[in-house]
Amino acid sequence: MSIVPTPEPNPMVPPMRSSLPPPPPPDEALGPLRLPGPTPPPDESELVDRLRRGDSTAFRDVVTAYQPALLRLAGTFVPSNAVAEEVVQETWIAVIRGIDRFEQRSSLKTWVTRILVNIARTKGVKERRTVPMGSLLSDAADNAAVSPDRFVGPPGKGAWAQPPARWSELPEEVVLSSATISLVIDTVRLLPEQQKWVVMLRDVEDWSSGDVCAALGLTEGNQRVLLHRGRSALRAMLEGQLGRAS
Amino acid sequence: MRLLSRQNIVCQQWTELITDYLEGALPRGLVRAIDRHLAACPHCTEYLAQMRRTIAITGHIDGQIKGEPPPAPVPADMMDALQRAFDDFHHSPDA
Ligand SMILES: [Zn+2]
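Report on the accompanying structure. Given the structure is predicted, the values throughout are model-derived calculations rather than measurements.

Re the overall build of chain B
And then number 1: Counting its regular elements, chain B contains 5 helices and 0 strands.
And then number 2: Traced from its N-terminal end to its C-terminal end, chain B shows the element sequence α-α-α-α-α.
And then number 3: Counting only residues that meet the buried cut, chain B has 44% of its 95 residues in that class.
And then number 4: Carbon and sulfur atoms make up 58% of the accessible area of chain B, which amounts to about 4900 Å² in all.

Considerations on the overall build of chain A
And then number 1: The number of helices and strands found in chain A is 9 helices and 2 strands.
And then number 2: Seen in sequence order, chain A has helices and strands lined up from the N terminus as α-α-α-α-β-β-α-α-α-α-α.
And then number 3: Put simply, chain A has 246 residues, and 47% of those count as buried.
And then number 4: Of all intrachain contacts in chain A linking residues separated by at least 6 positions in sequence, the fraction that spans at least 24 positions is 73%.

Points about unusual backbone geometry
All names here are of chain A.
And then number 1: At Gln104, a position not held by glycine, the phi torsion is positive, near 60°.
And then number 2: With respect to the element layout, Gln104 can be found in the loop between α3 (81-98) and α4 (108-126).
And then number 3: Judged by relative accessible area, Gln104 falls into the partly exposed class, the value being 25%.
And then number 4: Of note in the backbone geometry, Asp206 takes a positive phi value of approximately 65° without being a glycine.
And then number 5: Along the chain, the position of Asp206 falls in the loop between α7 (193-204) and α8 (209-216).
And then number 6: The class for Asp206 is exposed, based on a relative accessible area of 66%.

Structural notes on the coordination of the zinc ion
And then number 1: Protein-derived ligands of the zinc ion are Cys11 of chain B (SG), His37 of chain B (NE2), Cys41 of chain B (SG) and Cys44 of chain B (SG), with the metal-ligand distances lying across 2.1 to 2.4 Å.
And then number 2: One can describe the donor arrangement at the zinc ion as tetrahedral, given that its 4 donor atoms subtend angles of 102 to 113° at the metal.

Rules and cut-offs
Residues numbered from 1 in each chain as written. Chains lettered and ligands numbered in written order. Predicted model: local features only at pLDDT ≥ 70, side-chain atom pairs only at ≥ 80, totals over all residues. Heavy atoms only, no water. Helix = DSSP H or I, 4+ residues; strand = E, 2+ residues; numbered from the N terminus. Buried < 20%, exposed > 50% of the residue type's maximum accessible area, 1.4 Å probe, protein only. Areas by Shrake-Rupley, 256 points an atom, 1.4 Å probe, with all protein chains shown as cover. Contact = heavy atoms within 4.5 Å. Donors = N, O, S within 2.8 Å, 3.2 Å for Na, K, Ca; no water. Tetrahedral: all angles 85-135°; square planar, octahedral: opposite > 155°, others 65-115°.

So this is what it looks like as structure tokens:
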């Protein structure tokens, strides 16, 4: 199995557009934040040329710039720091061997991360440890964002019986306490793998949805479903820390 | 279309539509229905605030994902090993 993704998806042609209605004009965007599409790849042709020519300084610069994020990502998916370092090392070896086939349709960072994802997935299968996958964090399709018993009314169309607490009045030091952060870290680690990749790249690494789709090989629609389940599970867990019903 | 533009949503539906709403992936009529519901429902407005806070808190786990200090710079021995691999690849006869 080839680890190096080739050909890359063309970021100029986002998948899954056909099933969506045309986006509303900008002045219709009242509440929701309109996210941009895939980030156009920056002009890295000079850097990529230097890597292809065997310029060690360029290579060291790229390793130095990407290593922290790559280690952090790998560390979320494999059982130990040692394995995470192995994954990152193997990623760089694959980058060295594959840079000639990199077509620069995505950014170098997206391409390198895609390689990391493939290697971490392969390792994850090999070294699968027993992850306690509670029903709360299951990948089941019927997983509701909020437990149905919090609502009254017809199934799926209920009104709040136990409405959400007012976190908006909590002071920052409570919201961002180390206990809260630990809970989020633990919950992210327990998310099903696909949700975890999407949450890590979107909400921790702050990637655009287009870049996440390109790196993980997902359609926009699938990416949103995974993001929704992951974020909803995190919100539900945070109720234990920040307050459940008001 | 007139009927669609008057469509209503209820609280439980909102909790499943919220991500598509935040991602800007919903049709205009549904966005209007949601905005009308939010204007009338403080609980769903709070749910939106909770979700935004959840996203913000998740952004703060950066660098602390394993409960350890942020990763140090690339260790010299690892960097040297990688650079050797890079140089070998480019200087080997069949490169
Ligand atoms: Zn409501």
